[in-house]
Each structure stands twice: as structure tokens, then as C-alpha cells.
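Per-entry structural report
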There are 2 protein chains.
Amino acid sequence: MASEEKAPRPLGDLERLVMEQLWAAPGALTVREVHEQLSLTRELAYTTVMTVLDRLAKKRLTERERDGKAWRYRAASPREELAADLMRDALDRAGDRREALVRFVGQVSDEEAALLREALARLEEREG
Amino acid sequence: MASEEKAPRPLGDLERLVMEQLWAAPGALTVREVHEQLSLTRELAYTTVMTVLDRLAKKRLTERERDGKAWRYRAASPREELAADLMRDALDRAGDRREALVRFVGQVSDEEAALLREALARLEEREG
DNA sequence: GGTTATCTACGACGTTACGTAGTAGATGCT
DNA sequence: AGCATCTACTACGTAACGTCGTAGATAACC
């Protein structure tokens, strides 16, 4: 149950890029690996990536494990989970939930509406 | 459709309080009116409220119209609309929308799930 | 075992958002 | 004219974040 919430600050641009690397990778990545990936597109100091990864860990968005003298980072939860959390959060801030949900479904594409129905149906059959 | 966007920064605490005043009011409010309301709970300088209202206007969250020498502010869109926008935004940032939606409906309360179904049903009957 | 390559830890600086407020000048009431 | 009221503009402190540098630990190398 959620109640009194600390709104999760949306990630900064670099933080998001780094998270995307982690989400895209099959396993945990070292600072160097993330740095190398990002270096394909932009120039960043190794320590910059390290700092970002470190801050993300402090925010509990990543977890890390030792691998020799280096750390390996991985996303603490899947990208879709974070998205769902943010959606929940937004809903929690709405005054009238019904109204907010109506507006929300009014904004989504037909395809997304279908996915929503599907998800609800699945939920129903699992819970009765 | 959606792709890379400018994430609407979540409001600061005071900004949120001010928006709530505007959302709660029937019409547009002057700085003084908002200030008086807030003063019931906390102590704030008149100009502080003015600054916040001004910044909210720059962010297009409020609109203002002249009323004599004063400005009257009103929320640019209903609270529920903003919530819906934030939900959309969160969804846009998810990798796999289906997955994100599944997780989202998995998080909502039974009541909210019912509201969602209702909203979807209404949408369907209106659009066919 | 000393040299070299790696890593991490920690600090630092610039920018931007936001909470908070003061001052100056315009505007309007009496 | 004189006072109240309102806006415009400026300012300052804090915190997040982008961005790095330096120092010291550690592992690898010859």
C-alpha cells in the first residue's frame, strides 16, 4: 500500500542515459562498460559516469556487486516497473481519480487502450 | 506517436500548494487571495506567493488575466488533466508499454481497477 | 618488488530549479 | 497630495545534477 509519498524525482538526462544502458544490458555492467557504450555517442570522462552510477545507487535505482576491484551495477528494477511507479505516483496526486483515469484513457492511443484492457482482463482472471 | 519528450518537472512543494489553491477555487484568484489562504496554515511573504505564481505562469501551468491593477491567476488545466499528462509521460518513458501497463494495473487498488474498466468502457462506447 | 594500469573514494565547480523575500516604482483610492 | 496596493526585478540559500580532477588503493606485469 502506498500512502504518504516521496515523489521520485524524474531522472536527469545523463542519469536516464545511464539507466538505459543498464536496462538494455543482460547482466550487471562495470563503470568502464557503461562508459564505453556512452562514448560511442558522446564524450564523457570516466569519472563522470562513475559519479552518476554512484548517485543512482544512493537513490536505490541501481544495485552493485563486487567483481574483483571493480563494481558491477545493475538496475534495481525494470524500466517498466519504474514507469508504473511513476504512473501510480501521478495518479496519487490527482484529486479525483476517476476523472484522472478517464482523462488518461482518453489520451492513450487505441493500441494502448487495447493493451490496458488486456492487462485488466488478465488481472481479473487471476484475481477473480 | 510519442517519443522523446520534455518531462514536466514535478512541482515543488510550495508550487503544489499554490496550484491546489487554484484548483480548489471556482474562479481565478489574485495573489492576495492565494496569500491569504496559505496564511491560514503557514507564514509566507506576499511577494513569495507572487513569485511562485509568476513562475507557474512562465511554466504555463497557470494563466493570468488583468483585474484592475492586479492579476488574477487560474490553473491552466484541471488537476486531473495534469495527472493524466504525467501518467502519459511515465508511460512514454517505459520501454515495453504492454509490460508497463501490466505492472501499472497490478499496482492499482481494486477500486481503481474498476474505475479504469469503466473509463475504458465509456471510451469504447463513444468511439465504437 | 617496483612500475604501470585500473578502480574507487571524495571533493569541487557551474548551472538550474525552487523557497523565500526585499526594494523600487507604477497605479489607483481618498 | 498622500497612502495603500500591486507588479517587476533582483537576490540569496539550498539541493540536484552534469561534469571532472586528484589521491590513494589494488591488481597486473616484467
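Before any of the text, the structure's been laid out above.
This structure is a prediction, so every number in the text was calculated from the model and none was measured.

Conventions and cut-offs
- Residues numbered from 1 in each chain as written.
- Chains lettered and ligands numbered in written order.
- Predicted model: local features only at pLDDT ≥ 70, side-chain atom pairs only at ≥ 80, totals over all residues.
- Heavy atoms only, no water.
- Core = buried A, V, L, I, M, F, W, Y, C linked by side-chain atoms within 4.5 Å.
- Buried < 20%, exposed > 50% of the residue type's maximum accessible area, 1.4 Å probe, protein only.
- Helix = DSSP H or I, 4+ residues; strand = E, 2+ residues; numbered from the N terminus.
- Salt bridge = Lys/Arg side-chain N within 4 Å of Asp/Glu carboxyl O.
- Near = heavy atom within 4 Å.
- Polar contact = N/O pair within 3.5 Å; in protein donor to acceptor, adjacent residues only side chain to side chain.
- Pairing = 2+ DSSP bridges.
- Contact = heavy atoms within 4.5 Å.
- Axes fitted to C-alpha atoms, helices over the stretch in contact; angles between N-to-C directions.
- Nonpolar A, V, L, I, M, F, W, Y, C, P; charged D, E, K, R; others polar.
- Least-squares fit on C-alpha atoms with pLDDT ≥ 70 in both.

This paragraph deals with the nonpolar core. Counting residues in hydrophobic clusters, the biggest one holds 36 residues, and the most contacted among them are Met87(A), Phe104(A), Leu116(A), Met87(B), Phe104(B) and Leu116(B). Of all elements in the fold, only helix H4 (79-93), helix H5 (97-107) and helix H6 (110-127) of chain A together with helix H4 (79-93), helix H5 (97-107) and helix H6 (110-127) of chain B reach the threshold of two or more residues within this core.

Moving on, we get to the pattern of salt bridges. One pass over the structure, following the stated rule, counts 36 salt bridges over all chains. In this structure, the salt-bridge partner of Arg79(A) is Glu20(A), at a minimum N-O distance of 3.2 Å. Taken as a pair, Arg79(A) in helix H4 and Glu20(A) in helix H1 (residues 13-24) lie far apart in primary sequence, 59 residues in all. What makes Glu20(A) partly exposed here is its relative accessible area of 26%. A salt bridge links Glu112(B) to Arg88(A); its shortest N-O distance comes to 3.1 Å. Pair noted here: Glu112(B) is in helix H6 and Arg88(A) is in helix H4, and the two residues belong to different chains. Residue classification places Arg88(A) among the buried positions, given a relative accessible area of 12%. Linked through salt bridges whose partners overlap, the residues forming this network are Arg88(A), Asp92(A), Arg97(A) and Glu112(B).

So, on to the protein's contact with DNA strand D. Taken together, 24 residues are adjacent to DNA strand D, and Thr51(A), Arg55(A), Lys59(A), Arg32(B) and Lys69(B) come closest. Per the 4 Å cut-off to the protein, sugar and phosphate atoms form 60% of the nearby atoms of DNA strand D. Contact distances for DNA strand D include 2.7 Å between a phosphate oxygen and a side-chain N or O atom of Lys59(A). Within the side chain of Arg32(B), an N or O atom sits 2.3 Å from a phosphate oxygen of DNA strand D. Elements with a minimum of two residues in the surface near DNA strand D: H1 and helix H3 (46-58) of chain A together with helix H2 (31-39), helix H3 (46-58) and strand E3 (70-75) of chain B.

This part takes up the pairing of E3(B). Residues and elements named next belong to chain B. Where strand E1 (residues 29-30) and E3 come together, two bridges link them in antiparallel fashion. Paired with Thr 30 across the bridge in E3 is Arg 72. Connecting strand E2 (residues 62-67) to the next strand, E3, in antiparallel fashion are two residues, including Gly 68 with a positive phi near 70°.

Residues and elements named next belong to chain A. Spatial ordering of the open sheet is given by E1-E3-E2, a layout of three strands whose pairing is antiparallel. Both outer strands of the open sheet, strand E1 (29-30) and strand E2 (62-67), are each paired with one neighbouring strand and no more. Lying over the sheet, H1 contacts E1, E2 and strand E3 (70-75), oriented at roughly 85° with respect to E3.

Another point: the protein's contact with DNA strand C. Neighbouring residues of DNA strand C: 25 residues in total, closest Arg32(A), Lys69(A), Thr51(B), Arg55(B) and Lys59(B). Protein-adjacent atoms of DNA strand C, using a 4 Å cutoff, are sugar or phosphate at a proportion of 56%. Here a base nitrogen of DNA strand C sits 3.2 Å away from a polar atom, N or O, in the side chain of Thr47(B). A distance of 2.8 Å separates a base nitrogen of DNA strand C from a polar side-chain atom of Thr51(B). With five residues, the single largest contributor to the surface near DNA strand C is H3(B). In the surface near DNA strand C, the residues fall into ten nonpolar, five polar and ten charged.

In this section: the relation of the copies chain A and chain B. For these two chains of identical sequence, chain A goes onto chain B by a turn of 179° and a shift of 0.0 Å along the axis, with RMSD 0.2 Å. Read as a symmetry element, the transformation amounts to a two-fold axis. Nearest to the rotation axis, the C-alpha of Met87(A) is located 2.2 Å from it, this being the minimum over chain A.

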